[in-house]
Amino acid sequence: MANAAPIFAFAVREVIQLILLVFALIVQGVALVHAITQRSDAFPAIGTLPKGGWIAILAVCLLLTLLGFGPISLFGLVGIAAGLIYLLDVRVGLRELGDGKGFW
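Residues numbered from 1 in each chain as written. Predicted model: local features only at pLDDT ≥ 70, side-chain atom pairs only at ≥ 80, totals over all residues. Heavy atoms only, no water.

### Describing helix H4 (residues 74–97)
- Taking 1.5 Å as the rise per residue, H4 with 24 residues should run 34 Å; its terminal C-alpha atoms sit 33 Å apart, in good agreement.
- The largest bend along H4 reaches roughly 35° and is located at Tyr86.
- Inspection of H4 places Gly76, Gly79, Ile80, Ala82, Gly83, Tyr86, Leu87, Val90, Gly93 and Leu94 among the buried residues, and these make up the whole buried set. (Helix = DSSP H or I, 4+ residues; strand = E, 2+ residues; numbered from the N terminus. Expected span 1.5 Å × (residues − 1). Bend = angle between axes of the 7 residues up to and from the residue. Buried < 20%, exposed > 50% of the residue type's maximum accessible area, 1.4 Å probe, protein only.)

### Quick word on the environment of Ala81
- Assignment of secondary structure puts Ala81 in helix H4.
- On the basis of relative accessibility, which here comes to 36%, the residue Ala81 falls in the partly exposed class.
- Taking the C-alpha atoms as reference, Ala81 lies 15 Å from Leu63; in sequence the two are 18 residues apart.

### Regarding the nonpolar core
- Core analysis: the largest hydrophobic core is formed by 14 residues, its most contacted members being Phe43, Trp54, Leu58, Tyr86, Val90 and Leu94.
- Elements with a contribution of two residues or more to this core: helix H1 (4–37), helix H2 (42–45), helix H3 (51–69) and H4.
- In terms of residues, this core owes the most to one element, H4, which gives five residues.
- Dropping the residues within four chain positions of it, Leu94 is found in contact with His34, Gln38, Ala42, Phe43, Ile46 and Tyr86. (Core = buried A, V, L, I, M, F, W, Y, C linked by side-chain atoms within 4.5 Å. Contact = heavy atoms within 4.5 Å.)

### Structural notes on the pattern of salt bridges
- Under the definition given, this model contains one salt bridge.
- The salt bridge partner of Arg39 is Asp41, with a shortest N-O separation of 3.0 Å. (Salt bridge = Lys/Arg side-chain N within 4 Å of Asp/Glu carboxyl O.)

Geometry only, nothing functional implied.
Structure below.
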């Protein structure tokens, strides 16, 4: 019975890391696809990085997360932060710049 606790702790840790990995990949992937599908002249209009800058940041972070650094590494946390900043700030600005309608 005493040996079951460390095995359970490692199993819980692996499940949490898997959930965080899926979350990181979804956030970064959605942000990257959205950045690719937007007009490049809209980014300077809202006062943010150019389209190429966002695509580069999001693509590198997604690639490093996929290469096995994982969501708890420095690269994974920066990738999650970059994806969330894009989705919660830049995407909203792009939507307000346009007609405000649409799927994205």
